[in-house]
Amino acid sequence: MKIKLTIILIITSVIVLAISFLIYTDRIMVRTPLMVQQNPKITFIIGNAWHRSPGSDRWEIAIVGQVLEYGYEVKTGENSQMDIRFHNSMAIRISENSILRLEDSSVRKAHMKLLQGSLFGRFEKLFKDYDIRIQTPTTIAAVRGTELGFEISKKLEEDVDQKEDKKMQDSDANDGATAEEPEPIYETMVYSLSGITELENPNFPDEMVILSYQKKLLVKEKEPPSNPEKMTDSEVMRIRTILNSIHTEEVLFISDKINFEVGSSKILPESHDELEKIYLVLVEKKVKVRIEGHTDSQGTASFNQNLSVERAKSIRKYFIGKGIKPDYLAIAGYGSSKPIADNQTKEGRALNRRVEFIIIE
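The text that follows walks through the structure, step by step, so that each part is easy to find. Counting from 1, residues in each chain are numbered in the order their sequence is written. For this predicted model, a pLDDT threshold of at least 70 governs which residues receive local features, and a threshold of 80 or more governs which side-chain atom pairs are given and counted, while totals over whole chains, interfaces and linings are taken from all residues. Note that the side-chain values use all heavy atoms of the structure and ignore hydrogens as well as water.

### What about the overall build of the chain?
Part 1 of the argument: Numbering of helices and strands runs from the N terminus; a helix is a DSSP stretch of H or I covering at least four residues, while a strand is a stretch of E covering at least two. Across its full length, the chain holds six helices and 21 strands.
Part 2 of the argument: Expressed as a percentage of its 361 residues, the buried residues of the chain come to 39%.
Part 3 of the argument: Should any heavy atoms of two residues lie within 4.5 Å, those residues are considered in contact. By sequence separation, contacts in the chain at least 24 residues apart represent 61% of the contacts at least 6 residues apart.
Part 4 of the argument: Looking at the chain as shown, the accessible area adds up to about 20,900 Å², and 53% of this sits on carbon and sulfur atoms. Relative accessibility decides the category of a residue: with a 1.4 Å probe and only protein chains considered, values under 20% of the type maximum give buried, values over 50% give exposed, and everything between is partly exposed. A 1.4 Å probe and the Shrake-Rupley method give the accessible areas. Residues count as covered only by the protein chains that appear here.

Set out below in structure tokens:
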């Protein structure tokens, strides 16, 4: 009898514990979504770019596919740029002569500090409490989920007294003293293409400004933020073009030297040298890629969309004929929907007529 009672008690205890665990687990799943840490990764580089780890004073060459961890700094040279993906569709671009430090990158935070240059990006909140913050020498931006651009500039400050002193020194031939070089002061132009962002100047922490849809604000180092202004049409187009060209996937190759007959998907013979170069890269890397076709804006959107797909197919057929396995070559066409340059100029249209090879595996 005692043995039966003991067995019943054990079984009852196990059932109670199992039910409790299921209830507790269910509450956890409902209350806190499962998050997976993704370290930022470099997806695209053009020109010269470098990185350095925390505490190091040595810059090393940055490469596509490189994972960046907490405390890393990245830098671009003249006529250079770098794209970095954080998660999903959240990605940024730092333009030429820029330095960016990843202050914190964790499952709940994305903090970065732009020390010089320019930064543009699409910022996406993973969940309500996800904390996105961008800082420059004059600005702290708390991002709720938006498309933004930051451009740092600096100038030499010469107040009235300094100008008067300089005049006096220039007029006194016997005085060999020279005026001290004025200290540079910083400004940050912040563009908001969409969403809402809270801005403040760290020197004036009690004066916060809300930046919203297609508004801009110049934040000066020694002044509190003023009222935002409306972006001009040309500014909207410029920022939109930059954002359209940011890569959330790793780029193997981009070419604007693969030429076709006008309005056709027939590859011109002059393109074979470029295709041969790309073929050798594909053989060496042994990766699966997506061939993406892009056109300029001449013609209708539907015609350009179909043309971009057909041109991607022609390139895929060319590489299959060279021995690349079909399973390694996917295709996509975007028509004129993702310009990377101004379609109003001949040079811009030529850049927009491009083919991108994106690593998918």
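### Focus: the sheet that holds strand β17 (residues 229–230)
Part 1 of the argument: Taken together, the eight strands give an open sheet; going across it, the order is β1-β5-β6-β9-β12-β13-β16-β17, and neighbouring strands pair in antiparallel fashion. Either end of the sheet is taken by a strand with one partner, and the two such strands are β1 (41–46) and β17.
Part 2 of the argument: Note on pairing: two strands pair once DSSP finds at least 2 bridges between them. Pairing analysis gives six bridges linking strand β9 (residues 118–123) to strand β12 (residues 146–156), with the strands arranged antiparallel. Directly across from S118, in β12, lies its bridge partner E151.
Part 3 of the argument: Axis geometry follows a simple rule: fit a line to the C-alpha atoms, using only the stretch in contact for helices, then measure angles between N-to-C directions, giving values from 0 to 180 degrees. The strands touched by helix α3 (residues 233–244) within the sheet are β6 (90–94), β9, β12, β13 (184–194) and β16 (215–220), with β9 carrying the most contacts at an inclination of about 70°.

### Concerning the sheet that holds strand β18 (residues 251–255)
Part 1 of the argument: Reading across from one edge, β18-β21-β19-β20 is the order of the four strands in this open sheet, with mixed pairing throughout. Each having just a single partner strand, β18 and β20 (329–333) make up the two edges of the open sheet. Pairwise comparison of adjacent strand axes, ignoring direction, gives a mean angle of 20° for this sheet.
Part 2 of the argument: Bridging between strand β19 (residues 289–293) and strand β21 (residues 355–359) involves five bridges; their strand directions are antiparallel. Bridged to I291 within β21 is F357.
Part 3 of the argument: Contacting β18, β19, β20 and β21, helix α4 (residues 272–285) crosses the sheet at an angle of about 175° to β18.
Part 4 of the argument: Together, β19, β20 and β21 form the strand contacts of helix α5 (residues 301–321), whose direction differs from that of β20 by roughly 160°.

### As for the pairing of β18
Part 1 of the argument: Within β18, four of the five residues are buried, leaving the element largely enclosed by the surrounding structure.
Part 2 of the argument: For β18 and β21, the ladder comprises four bridges, and the chain directions are antiparallel. Of the residues in β21, the one forming a bridge with V251 is I358.

### Some thoughts on the pattern of salt bridges
Part 1 of the argument: By definition here, a salt bridge exists when the distance from a side-chain nitrogen of Lys or Arg to a carboxyl oxygen of Asp or Glu is within 4 Å. This model, assessed by the stated rule, comprises 18 salt bridges.
Part 2 of the argument: The salt bridge involving E250 is made with K41; its shortest N-O contact spans 3.3 Å. One end of the pair, E250, is in the loop between α3 and β18; the other, K41, is in strand β1, and 209 residues separate them in sequence. Side by side, E250 and K41 carry an identical accessibility label, which is buried.
Part 3 of the argument: As a salt-bridge pair, R93 and D83 come within 2.6 Å of each other at their nearest N and O atoms. With R93 in strand β6 and D83 in strand β5 (residues 81–87), this residue pair connects regions lying ten residues apart in the sequence. We note that R93, like D83, is buried.
Part 4 of the argument: It is possible to trace a salt-bridge network through shared partners that takes in R52, E73, R101 and E103.

### What to know about the packing of aromatic side chains
Part 1 of the argument: Under the pairing criterion, centres of Phe, Tyr and Trp rings, with the six-membered ring standing for Trp, must be within 6.5 Å; the plane angle then separates stacked pairs below 30 degrees from edge-to-face pairs above 60, leaving the rest tilted. Counted by the stated rule, this structure contains two aromatic pairs.
Part 2 of the argument: With centroids separated by 5.6 Å and ring planes inclined at 75°, the aromatic side chains of Y318 and F319 adopt a geometry described as edge-to-face.
Part 3 of the argument: Pairwise contacts between aromatic rings join Y318, F319 and F357 into one cluster.
Part 4 of the argument: For K75, the ring lying beneath its charged end belongs to W50, and the centroid distance is 5.3 Å.
Part 5 of the argument: By definition, being over a ring means that NZ of Lys or CZ of Arg is both within 6 Å of the ring centre and within 35 degrees of the ring normal. For the cation-ring pair, K338 lies above Y334, with the distance from its terminal atom to the ring centre recorded as 4.2 Å.

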